[in-house]
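These are the residues of each chain, in order.
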Amino acid sequence: VIVSVAFPDDLNLLVNIVNSALSLLLPFAFTPLVKYTTSEKFMGRCAPPVWERWLLRGLAFAIYLLNAIAISAPGGGFFGFIFQENLSAKNAIWFVCMVAIQVFYLWWNAV
């Protein structure tokens, strides 16, 4: 309430930033949850059947993939501006940061 009163014009921007951060962080919580709950090693006889494991792992990968695309897409709220501006040293540094984050994001969700 205090932020909305203090910055009434920036409230929509704040909501967009929070939603972008939550979408980026979702696979960091969801992927391990799927991995552990579908693992026979951890769940034993309570592990779901094979078809359900593949379905859940496919859903976790789809969530990762959509978010990975959104990180780099123009208008996605993260690194899309790189592809809309002229080539510069600043954009090259941002591009390297984007690739590093994408590699880490893929590693986290694949391991």
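As the structure is a prediction and not an experimental result, all values here were calculated from the model.

Reading guide: rules and limits
- Residues numbered from 1 in each chain as written.
- Predicted model: local features only at pLDDT ≥ 70, side-chain atom pairs only at ≥ 80, totals over all residues.
- Heavy atoms only, no water.
- Helix = DSSP H or I, 4+ residues; strand = E, 2+ residues; numbered from the N terminus.
- Rg over C-alpha atoms; globule rule 2.2 N^0.38 Å.
- Buried < 20%, exposed > 50% of the residue type's maximum accessible area, 1.4 Å probe, protein only.
- Core = buried A, V, L, I, M, F, W, Y, C linked by side-chain atoms within 4.5 Å.
- Contact = heavy atoms within 4.5 Å.
- Phe/Tyr/Trp six-rings, centres within 6.5 Å; stacked < 30°, edge-to-face > 60°.
- Patch = residues over 30% accessible without salt bridge, like charges linked within 9 Å, V, L, I, M, F, W, Y side chains within 5 Å.
- Areas by Shrake-Rupley, 256 points an atom, 1.4 Å probe, with all protein chains shown as cover.
- Salt bridge = Lys/Arg side-chain N within 4 Å of Asp/Glu carboxyl O.
- Axes fitted to C-alpha atoms, helices over the stretch in contact; angles between N-to-C directions.
- Parallel < 35°, antiparallel > 145°, perpendicular 65-115°, else oblique.
- Nonpolar A, V, L, I, M, F, W, Y, C, P; charged D, E, K, R; others polar.

Draft legend 1. The overall build of the protein chain, seen in detail. Helix and strand content of the protein chain: five helices and zero strands. Along its sequence from the N terminus, the protein chain presents helices and strands in the succession α-α-α-α-α. For 111 residues, the compact-globule formula gives about 13 Å, and the C-alpha radius of gyration of the protein chain, at 18 Å, lies well above that figure. The C-alpha extent of the protein chain, read off along each of the three principal axes, is 55 × 40 × 20 Å. In the protein chain, which comprises 111 residues, the share counted as buried stands at 21%.

Draft legend 2. Seen up close, the nonpolar core. In this structure, Tyr 64, Ala 68, Ile 71, Phe 79, Ile 82, Met 98 and Tyr 105 together form the largest nonpolar core, which totals seven residues. Looking at this core, the elements that each hand over two or more residues are helix 4 (50–72) and helix 5 (89–110). By residue number, the principal contributor to this core is helix 4, which donates three residues. Those residues in contact with Tyr 105 that sit more than four places away from it in its chain are Ser 23, Leu 24, Pro 27, Phe 28, Tyr 64, Asn 67, Ala 68 and Ile 71.

Draft legend 3. The packing of aromatic side chains, seen in detail. If you walk through the whole model with that rule in mind, you get 10 aromatic pairs. Ring geometry for Phe 81 versus Trp 94: centroids 5.8 Å apart, planes at 80°, classification edge-to-face. Of the two residues, Phe 81 sits in the loop between helix 4 and helix 5 while Trp 94 sits in helix 5, which places them 13 residues apart along the sequence. By relative accessible area, which is 26% here, Phe 81 ends up partly exposed. Relative accessible area serves as the criterion here: at 37%, Trp 94 is assigned to the partly exposed category.

Draft legend 4. The arrangement of a nonpolar patch on the surface in detail. Among the surface-exposed residues, Val 3, Phe 7, Leu 11, Leu 14, Val 15, Val 18 and Leu 22 lie close enough to one another that they form a single nonpolar patch of about 570 Å² accessible area. It is helix 2 (residues 11–37) that contributes the most residues to the nonpolar patch, five residues altogether.

Draft legend 5. Molecular detail of the packing of helix 2 against helix 5. Close contact between helix 2 and helix 5 brings their axes to 9 Å; oriented N to C, the two are set at 25°. Classified by the angle their axes make, helix 2 and helix 5 are roughly parallel. Of the residues in helix 5, those touching helix 2 at Ser 23, Leu 24, Pro 27, Phe 28, Thr 31, Pro 32 and Lys 35 are Phe 104, Tyr 105, Trp 108, Asn 109 and Ala 110. Taken together, the residues that form the contact of helix 2 with helix 5 break down as eight nonpolar, three polar and one charged.

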